[in-house]
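Chain and residue survey
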Amino acid sequence: MNSILITYDLHNPDRNYPRISEAIKALGDWCHPVESGWIVKTDLNELEVANHLSNYIDSNDSLFTSELSKAVALLRIQGDCMDWLKSQL
């Protein structure tokens, strides 16, 4: 399983955050440590995740995905997400 970091910027005035959030959650076990950032455990690689999520964003939105090997710095990450990060990375 890969740990994929996903970050995005939605630029249109009618930003559809629920749509991209649901698409991310469907990829596998997930953590949402910051507002526009997620980490997902999935069999997909970072390119496959980006290609999949491109169906859920507008043409002027930005998307970044990267495979993580470990968490290198965590600052003010709260509760369940911190526990998830510690157990998954």
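Cut-off values and rules
- Residues numbered from 1 in each chain as written.
- Predicted model: local features only at pLDDT ≥ 70, side-chain atom pairs only at ≥ 80, totals over all residues.
- Heavy atoms only, no water.
- Helix = DSSP H or I, 4+ residues; strand = E, 2+ residues; numbered from the N terminus.
- Buried < 20%, exposed > 50% of the residue type's maximum accessible area, 1.4 Å probe, protein only.
- Polar contact = N/O pair within 3.5 Å; in protein donor to acceptor, adjacent residues only side chain to side chain.
- Contact = heavy atoms within 4.5 Å.
- Pairing = 2+ DSSP bridges.
- Axes fitted to C-alpha atoms, helices over the stretch in contact; angles between N-to-C directions.
- Arc of directions from axis to C-beta.

1. Some details on the side chain of aspartate 61
Structurally, aspartate 61 can be placed in the loop between helix H2 (46-53) and strand S4 (62-68). Among the residues examined, aspartate 61 registers a relative accessible area of 12% and is labelled buried. Reaching out from aspartate 61, the side chain makes a polar contact with the backbone nitrogen of aspartate 58 at a distance of 2.7 Å. Apart from the residues within four sequence positions on either side, aspartate 61 is in contact with Asp9, Leu10, His11 and Asn12.

2. Comments concerning the pairing of strand S1 (residues 2-9)
The side chains of a regular strand alternate, residue by residue, between the two faces of the sheet. Relative to strand S3 (residues 37-42), S1 is paired through six bridges, and the arrangement is antiparallel. Among the inter-strand pairings, leucine 5 is bridged to a residue of S3, identified as isoleucine 39. Taken together, the seven bridges between S1 and S4 define a ladder with antiparallel strand orientation. Paired with isoleucine 6 across the strands is threonine 65, a residue of S4.

3. As for the sheet that holds S4
Reading across the sheet, the four strands line up as S2-S3-S1-S4 and stay open at both edges, with antiparallel pairing between neighbours. What marks the edges here is a single partner per strand, and that holds for strand S2 (29-34) and S4. The average angle at which neighbouring strand axes cross in this sheet is 20 degrees, direction not considered. Packing against the sheet, helix H1 (residues 17-25) makes contact with S1, S2 and S3, and its axis sits at approximately 175 degrees to S1. Along the sheet, H2 makes contact with S1, S3 and S4, crossing S4 at roughly 155 degrees.

4. A look at H1
Among the residues making up H1, those that are buried are Ile20, Ser21, Ala23 and Ile24. What you see down the axis of H1 is that its buried residues fit within an arc of 165 degrees, all on one side. Those residues of H1 that are buried lie in contact with S1, S3 and H2.

5. Remarks on the side chain of asparagine 2
When you line up the elements, asparagine 2 lands in strand S1. Sequence-distant contacts of asparagine 2, that is, excluding residues within four places in its chain, are made with Val40, Lys41, Thr42, Asp43, Leu44, Asn45 and Glu67.

Coordinates in, geometry out; function isn't part of it.
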